[in-house]
Amino acid sequence: DSGVTQTPKHLITATGQRVTLRCSPRSGDLSVYWYQQSLDQGLQFLIQYYNGEERAKGNILERFSAQQFPDLHSELNLSSLELGDSALYFCASSVSNEQFFGPGTRLTVL
Amino acid sequence: KNEVEQSPQNLTAQEGEFITINCSYSVGISALHWLQQHPGGGIVSLFMLSSGKKKHGRLIATINIQEKHSSLHITASHPRDSAVYICAVRWNGGATNKLIFGTGTLLAVQP
């Protein structure tokens, strides 16, 4: 158990819908990272937050957005969902350089 | 060309064999991670290293910064080692710990 929690574990929805994925970092970790793992693209970095502020952006679509709240949990919002958004979404947290991964949310878009 | 390349992509071994998975990268890095992902998806961080060699149980990871290459070795392999092993580098090009991932090596250890 990494200490990072993600909810929900599984999410099934339809194209065009909007979903919110939630991540709670390890106690004391200020950084949260979001990653997408799809069959064709592998693991890709989406976005990083540090203590409530966006720190870095990767291959995140404009339809996706994220935020980190004062209690340091983070949410990833995915809107206008497409079939190709079906993937595993991981968050990770860190306080220094090592990252600890959550169990992931498996999103299926039908 | 991917910034992080792993080989082999797939590996089948017999229980007890010594296993090596290789990772080469083309960007400047501040550290390299080896991750393990079991069926079902969870990712576990095995090693983070920036120089030399680290050992944890039957796992050994080495890195050669000059040659931009790392290896993960598994001694006395066991079926429970069957998983995807992913190399990820921490890119040193900005004020972030952004990870760039290899495509993974699928390891199957047969009894």
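Computed from a predicted structure; not experimentally measured. All chains use their own residue numbering, which begins from 1 and follows the written sequence. Ligands are numbered from 1 and chains lettered from A, in the order in which they are written. In keeping with the predicted nature of the model, local features appear solely for residues at pLDDT of at least 70, side-chain atom pairs appear and are counted solely at 80 or more, and the whole-chain, interface and lining totals rest on all residues. Note: side-chain values were computed over all heavy atoms of the structure, leaving out hydrogens and water.

Novice: I'd love a proper account of the overall build of chain B, names of residues and values included.
Specialist: To qualify as a helix, a DSSP run of H or I must reach at least 4 residues; to qualify as a strand, a run of E must reach at least 2; elements of each kind are numbered from the N terminus. Each helix and strand counted, chain B has zero helices and eleven strands in total. Taken from N to C terminus, the helices and strands of chain B fall in the order β-β-β-β-β-β-β-β-β-β-β. The globule rule used for comparison is 2.2 Å times the number of residues to the exponent 0.38, while the radius of gyration itself is calculated over C-alpha atoms. Radius of gyration (C-alpha) of chain B: 14 Å, near the 13 Å computed for a compact globule of 111 residues. The classification of residues rests on relative accessible area computed with a 1.4 Å probe and restricted to protein chains. Under 20% of the type maximum is buried, over 50% is exposed, and intermediate values are partly exposed. Among the 111 residues that make up chain B, the fraction classed as buried is 44%. A separation threshold of at least 6 residues defines the contact pool for chain B, and within that pool the share at least 24 residues apart is 55%. Positive residues here are Lys and Arg, negative ones are Asp and Glu, while His and the chain termini are left out of the count. The atoms used to mark charge sites are NZ of Lys, CZ of Arg, CG of Asp and CD of Glu. If the 9 positive side-chain charges of chain B are averaged to one point and the 6 negative ones to another, these points end up 10 Å apart. What makes two residues a contact is simply this: any of their non-hydrogen atoms within 4.5 Å.

Novice: Account for the state of the cysteines, with residues named and values stated.
Specialist: Our working definition of a disulfide is a cysteine sulfur pair at a distance within 2.5 Å. Applying the stated criterion across every chain yields a total of two disulfides over all chains. Paired by a disulfide, A:Cys23 and A:Cys91 hold their sulfur atoms 2.0 Å apart. In this structure, the disulfide formed by A:Cys23 and A:Cys91 twists by about 75 degrees around the S-S bond and is classed as right-handed. Placement of the pair is A:Cys23 in strand E3 (residues 19-24) and A:Cys91 in strand E9 (residues 87-94), with a sequence separation of 68 residues. Across the pair, A:Cys91 and A:Cys23 agree in class, each one buried. Covalent S-S linkage joins B:Cys23 and B:Cys87, the inter-sulfur distance amounting to 1.9 Å. Here the disulfide of B:Cys23 and B:Cys87 is left-handed, its torsion about the S-S bond being about -60 degrees. Of the two residues, B:Cys23 is situated in strand E3 (residues 19-25) and B:Cys87 in strand E9 (residues 83-91); the sequence distance between them amounts to 64 residues. As far as the burial class goes, B:Cys23 and B:Cys87 line up, both buried.

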